[in-house]
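# Summary of the model geometry
Letter by letter, the chains look like this.
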Amino acid sequence: MCGIVGYIGKQQAPSILIDGLTKLEYRGYDSAGVAIFDGSDINVLKTKGRLSNLIKLVIEHPVSGTLGIGHTRWATHGAPSDINAHPHMSEDSEIAVVHNGIIENYMEIKEELLKSGWHFVSETDSEIIACIIDKYYKDGMSFEDAVFKAVARLEGSYALGIICKDCPEKLIAVRKGSPLVIGKGNGENFIASDIPAILNYTREVYFLEEDEIAVITEDSIAIYDKDRNAVNRDIYHVTWDIEAAEKSGYAHFMLKEIHEQPKIVRETILKRVPESGGIDLDNIKLGKEELDNIDRIYVVACGTAYYAGLIGKHLIEKICRIPVISEVASEFRYKDPILDERTLVIVVSQSGETADTLEALRISKRHGARVLAIVNAVGSSIAREADDVFYILAGPEIAVASTKAYSAQVAAMYILTCHIALTLGKMSEEEFEVIRAELYSLPSKIEVILNNKSVEKKLAAKYKDVRNVFFIGRGLDYLVSQEGSLKLKEIAYLHSEAYAAGELKHGPIAMIDENTLVVAIAAQEDLIEKTISNIKEVKARGANTIAIAMKGNTKIADVADDVIYIPRTMGILAPILANIPDQLFAYYMAINLGTDIDKPRNLAKSVTVE
Ligand code: G6P
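Residues numbered from 1 in each chain as written. Predicted model: local features only at pLDDT ≥ 70, side-chain atom pairs only at ≥ 80, totals over all residues. Heavy atoms only, no water.

## A short note on the packing of aromatic side chains
Pairs of aromatic rings are described using the distance from one ring centre to the other and the angle between the two planes. Basically, it comes down to this: Here is the rule: rings of Phe, Tyr and Trp (six-membered ring for Trp) pair when centre to centre is within 6.5 Å. Planes less than 30 degrees apart are stacked, more than 60 are edge-to-face, and the remainder are tilted. With a 1.4 Å probe rolled over the protein chains alone, any residue whose accessible area is under 20% of its type maximum counts as buried; one over 50% counts as exposed, and the rest are partly exposed. To sit over a ring, a charge needs its Lys NZ or Arg CZ within 6 Å of the ring centre and within 35 degrees of the ring normal.
Under the definition given, this model contains eight aromatic pairs. Relative to Tyr-588, the ring of Tyr-587 lies with its centre 5.1 Å away and its plane at 80°, an arrangement referred to as edge-to-face. Across this residue pair, the class does not change: Tyr-587 and Tyr-588 are buried. What links up through ring pairs into an aromatic cluster is the set Tyr-7, Phe-190 and Tyr-201. Positioned above the aromatic ring of Phe-120, the side-chain terminus of Lys-110 is 5.2 Å from the ring centre. Looking at Arg-272, its charged tip hangs above the ring of Phe-390, at a distance of 4.3 Å from the centre.

Listed below in structure tokens is the structure:
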């Protein structure tokens with residue numbers, strides 16, 4: 001949700017900033033801008049629309065300078081426009097700011113500044129940051145002092161990059177509630193919302209923590225807490241490559257990431273379920289003693305991560321017999337959930353930065369609950385603040401619609417469930433051995449589905465004019481339906497709903513007619529007869545039907561118009577396979593509809609505002 005980048009050093013800042021912004025466009029793409037200090041003034045170039053518009057602007061109006069900040073925006077306050085784009089400047093262009101987050105008390109500060117004669121040009125909350133810093137600066141404070149004083153007044157969430165015309169030897173970075181990393185170079189330093197933005201230049205990074213301010217020159221990085229005590233931070237060495245975040249010949253990141261799933265699921269499983277035996281949860285403290293002290297589990301997340309969490313809830317309840325409550329994080333945080341030291345809260349997040357999930361984690365910890373985070377982004381806020389972290393090893397996920405992270409999260413849920421069940425004696429070693437063998441076979445079964453993707457492509461062509469889609473299923477199939485429906489909404493902008501198959505007749509069936517497509521997930525074979533009846537019911541009302549079923553299930557072919565077969569597996573492991581056709585179907589539907597698949601309208605990859 002908004003991407004920030006900043007540079008101070010000896011190289012030309014514009015190209016470094018633009019390069020960084022291209023890696024951050026997944027965080028927001030409704031406008032973009034840069035502010036460059038040219039030796040005497042700060043020049044701002046910013047424009048509505050994609051980064052390509054900014055690149056054009058920079059080519060038409062070249063600026064040079066070795067200090068600068070850049071931003072790619074996902075609008076919160078004020079519509080996407082040239083004026084509302086960042087960076088924002090104080091009235092006389094003394095201070096320039098880029099901001100990721102929301103300033104909750106901006107009206108109060110704005111009114112105060114208006115009364116003292118300040119003028120504003122944008123509708124954003126961010127502009128007041130530049131102005132309040134400038135006010136303190138003009139009152140006689142140093143640039144640094146003015147930033148500390150202004151930041152102490154800001155409520156809400158913010159990552160900031162700030163430069164001042166009179167202090168070109170400094171770049172100041174601030175973090176509260178929105179992520180920020182500092183890249184350490186040789187005679188140059190960087191700031192960014194995410195590592196890929198600076199990975200072409202350095203692998204040595206510092207993660208800024210909550211309420212910290214960094215004063216950066218080309219040769220030094222000083223980090224302070226909010227009381228201005230100096231903080232010692234260990235440097236983090238990035239081991240993964242930028243290629244991991246590039247398209248490698250695929251038309252879209254989403255397609256690339258869909259195809260990475262066999263590898264990722266294999267790695268996630270093998271790391272935790274080694275061939276040498278047992279389950280290795282590394283340093284995660286979830287042994288018999290801890291588990292005996294747990295009465296209740298919450299699974300809390302947003303979006304796709306929430307749907308992966310639902311699979312975990314279902315399995316832990318079914319197999320481990322522990323009550324599990326699932327909540328979307330935005331609801332959890334405001335509903336006074338029942339939490340105590342006998343509660344385990346499992347938060348699931350690809351980015352590790354989702355504001356609502358992070359807040360849910362903090363509330364849980366405040367109430368004494370233990371928090372286990374299932375996270376992809378190493379070193380992210382959620383990973384750092386949780387009591388324990390289960391990294392899913394999916395590598396950078398760039399497409400806004402999550403695919404490979406979901407599969408890895410579901411694999412993590414399988415592993416966690418088996419671990420809890422074995423530890424509590426709810427699963428025998430023999431039962432686990434059967435599951436283990438089946439877990440190892442999942443990656444090659446995903447490959448089989450991917451090799452047959454022409455099936456989903458043909459079906460997407462057949463149903464390209466459909467505008468209403470229902471995803472139905474029972475049990476675990478219903479949970480997969482929810483993720484399938486979300487994918488179609490996200491990237492094809494189609495109206496689609498997921499419904500428990502048995503609930504369809506309590507209302508939604510009234511909407512079914514010959515223009516409706518119903519995708520029935522039917523991989524839970526113990527419930528197949530029931531699902532078949534539901535398919536018949538919608539067919540009788542004119543719907544077109546696609547079923548997703550395990551190979552060998554011929555009965556379903558007599559009922560559904562089309563069947564996508566997935567390789568056979570155990571019912572509890574079927575979700576990870578049954579979801580892949582949904583991903584491919586959504587992808588090809590989106591191709592037919594000509595949408596922007598990797599950067600769907602109105603969405604952001606990392607939602608760092610609530
Ligand atoms: C956004 C993304 C989704 C993601 C959700 C949760 O909505 O577009 O793809 O599932 O946030 O994000 P997280 O990083 O916490 O998994």
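## Thoughts on the pattern of salt bridges
Applicable threshold: Salt bridges are counted wherever a side-chain nitrogen of Lys or Arg sits within 4 Å of a carboxyl oxygen of Asp or Glu. Under the scheme used here, helices are H or I runs from DSSP no shorter than 4 residues and strands are E runs no shorter than 2 residues, and both carry numbers assigned from the N terminus.
In this structure the tally under the stated criterion is 43 salt bridges. Glu-212 is paired through a salt bridge with Arg-233; the nearest N and O atoms lie 2.7 Å apart. Of this pair, Glu-212 sits in strand β12 (residues 212-216) while Arg-233 sits in the loop between β14 (230-231) and β15 (236-237); the two residues are 21 residues apart in sequence, bridging distant segments of the chain. In this structure, Arg-342 engages Asp-295 in a salt bridge whose closest nitrogen and oxygen atoms are separated by 2.9 Å. Of this pair, Arg-342 sits in the loop between α10 (329-332) and β18 (343-349) while Asp-295 sits in the loop between α8 (288-292) and β16 (296-301), and the two are 47 residues apart along the sequence.

## Re the pairing of strand β3 (residues 42-48)
Selection rule: Strands are treated as partners if at least two bridges between them are detected by DSSP.
Examined bridge by bridge, strand β2 (residues 31-37) and β3 share seven bridges and lie antiparallel to one another. Looking at β3, one finds that Gly-33 is bridged to Lys-46. What sits between β2 and β3 in their antiparallel hairpin is a turn of four residues, with Gly-39 showing a positive phi close to 110°.

## Here's the deal with empty space enclosed by the protein
Rules: The rule is simple: put a 1 Å grid over the protein atoms alone, call a set of points where a 1.4 Å probe fits but cannot get out a cavity, call an open set with protein on both sides within 12 Å along at least five of seven lines a pocket, and count a residue as lining if it has an atom within 4 Å of a point. Grid points are joined across faces, edges and corners, and a volume is the space filled by probe spheres set on the points.
If you walk through the whole model with that rule in mind, you get three cavities of 30 Å³ or more. Considering only enclosed or pocket space, the largest cavity measures out at about 70 Å³ in volume. Lining the largest cavity are Cys-2, Arg-73, Trp-74, Thr-76, His-77, His-86, His-99, Asn-100, Gly-101, Thr-124, Asp-125 and Ser-126. Counting residues per element, the lining of the largest cavity draws most heavily on strand β6 (residues 95-103), which supplies three residues.

## Focus: the site of the ligand
Just so we agree on the cut-off: By convention in this text, a residue qualifies as near a molecule or strand provided that one of its non-hydrogen atoms is within 4 Å of it. As used in this structure description, the phrase polar contact means that two N or O atoms lie within 3.5 Å; if the pair is within protein, one of them must be able to donate a hydrogen and the other to accept it, and residues adjacent in sequence are counted only when both atoms belong to side chains. Method for areas: the Shrake-Rupley scheme with a 1.4 Å probe, in which residue coverage is limited to the protein chains shown. Charged means Asp, Glu, Lys or Arg here, nonpolar means Ala, Val, Leu, Ile, Met, Phe, Trp, Tyr, Cys or Pro, and polar covers whatever is left, Gly included.
Taken together, 14 residues form the shell around the ligand, and within it Ser-349, Gln-350, Ser-351, Thr-354 and Ala-604 come nearest. Here Thr-304 contributes a backbone N or O atom positioned 3.0 Å from an oxygen atom of the ligand. In this structure, Val-400 approaches the ligand through a main-chain N or O atom, which is 3.0 Å from an oxygen atom. Summarising the interface, the protein chains cover 90% of the accessible area of the ligand, which totals 390 Å² for the free molecule. It is helix α9 (residues 303-320) that contributes the most residues to the shell around the ligand, three residues altogether. In terms of residue class, the shell around the ligand is made up of five nonpolar, seven polar and two charged.

## A look at helix α3 (residues 106-115)
Quick reminder of the rule: This arc is taken over the directions from the axis of the helix to the C-beta atoms.
The set of residues buried in α3 consists of Tyr-106, Ile-109, Lys-110 and Leu-113. Looking straight down α3, one finds its buried side chains confined to an arc of 100°; they lie on one side. Gly-117 sits one or two positions beyond α3 and adopts a positive phi of about 95°.

## So, the pairing of strand β24 (residues 544-550)
Just so we agree on the cut-off: Seen with its strands pointing away from the viewer, a crossover is right-handed if its path from the first strand over the helix to the second goes clockwise.
By the criterion of burial, β24 is predominantly enclosed, with six of the seven residues buried. Two strands pair when backbone bridges link them, and strand β23 (residues 516-522) and β24 are joined in this way by six bridges, in the parallel orientation. Across the sheet, residue Ala-522 finds its bridge partner in β24, namely Ala-549. Note that the unit made of β23, helix α17 (residues 528-540) and β24 has a crossover that is right-handed.

## Thoughts on the environment of Asp-388
To keep it simple, the criterion reads: Contacts are residue-level and defined by heavy atoms, with any inter-residue pair within 4.5 Å sufficient.
Following the sequence through the fold, Asp-388 ends up in strand β20 (residues 388-391). The spatial distance from the C-alpha of Asp-388 to the C-alpha of Asp-282 is 10.0 Å, given a sequence separation of 106 residues. Aside from chain neighbours lying at most four places away, what touches Asp-388 is Asn-283, Ile-284, Lys-285, Arg-370, Val-371, Leu-372 and Ala-373.

## Focus on unusual backbone geometry
Omega for the bond connecting His-86 with Pro-87 falls within 30 degrees of zero, at 0°, which places this linkage in the cis form. Looking at the element boundaries, Pro-87 is found in the loop between β4 (67-73) and β5 (88-89). One non-glycine residue, Asn-602, adopts positive backbone phi at about 70°. On the secondary structure map, Asn-602 appears in the segment after α18 (574-593).

## So, the packing of helix α15 (residues 454-462) against α18
Going by this rule: Whenever a helix is involved, its axis is fitted only over the stretch in contact; in every case the axis is a line through C-alpha atoms, and angles between N-to-C directions fall within 0 to 180 degrees. In this scheme, roughly parallel covers angles under 35 degrees and roughly antiparallel covers those over 145, while 65 to 115 is roughly perpendicular and the rest are oblique. Put simply, a crossing is left-handed when the front helix is turned counterclockwise from the back one by less than a right angle, and right-handed when it is turned clockwise.
Contact pair α15 / α18: the axes reach a minimum separation of 8 Å and the direction vectors enclose 45°. In this view, α15 runs oblique relative to α18, as classed from their interaxial angle. As for the relative orientation of α15 and α18, their crossing is right-handed in sense. In this structure, α15 contributes Glu-456, Lys-457, Leu-459, Ala-460 and Ala-461 to the contact, and α18 contributes Pro-581, Leu-584, Phe-585, Tyr-588, Met-589 and Asn-592.

## Description of the packing of helix α4 (residues 127-138) against helix α5 (residues 143-153)
Contact pair α4 / α5: the axes reach a minimum separation of 8 Å and the direction vectors enclose 130°. Considered as vectors, α4 and α5 are oriented oblique to each other. Crossing handedness for the pair α4 and α5: right-handed. Across from Ile-132, Ile-133, Tyr-136 and Tyr-137 in α4, the residues of α5 making contact are Phe-143, Ala-146, Val-147, Lys-149, Ala-150 and Arg-153. A class-by-class count of the residues in the contact of α4 with α5 yields eight nonpolar, no polar and two charged.

## Focus on the sheet that holds strand β17 (residues 324-328)
The sheet built from five strands is open, its strands ordered β17-β16-β18-β19-β20 with parallel pairing. The open sheet is flanked by β17 and β20, the only strands paired with a single partner. Across the sheet, the mean angle separating the axes of adjacent strands is 20° when strand polarity is ignored. With six bridges connecting them, β18 and strand β19 (residues 370-375) associate as parallel partners. The residue of β19 that forms the bridge with Ser-349 is Val-375. On the sheet, helix α11 (residues 355-366) packs against β16, β18 and β19 and is oriented at approximately 165° with respect to β18.

## Observations concerning α15
For α15, the full list of buried residues reads Glu-456, Leu-459 and Ala-460. End-on, the buried residues of α15 take up no more than an arc of 100°, which puts them together on one face.

## Things to note about the side chain of Asn-534
As for its placement among the helices and strands, Asn-534 is situated in helix α17. Residue classification places Asn-534 among the buried positions, given a relative accessible area of 1%. What Asn-534 contacts, discounting residues up to four positions off in sequence, is Ile-472, Arg-474, Ala-501, Gly-502 and Lys-505.

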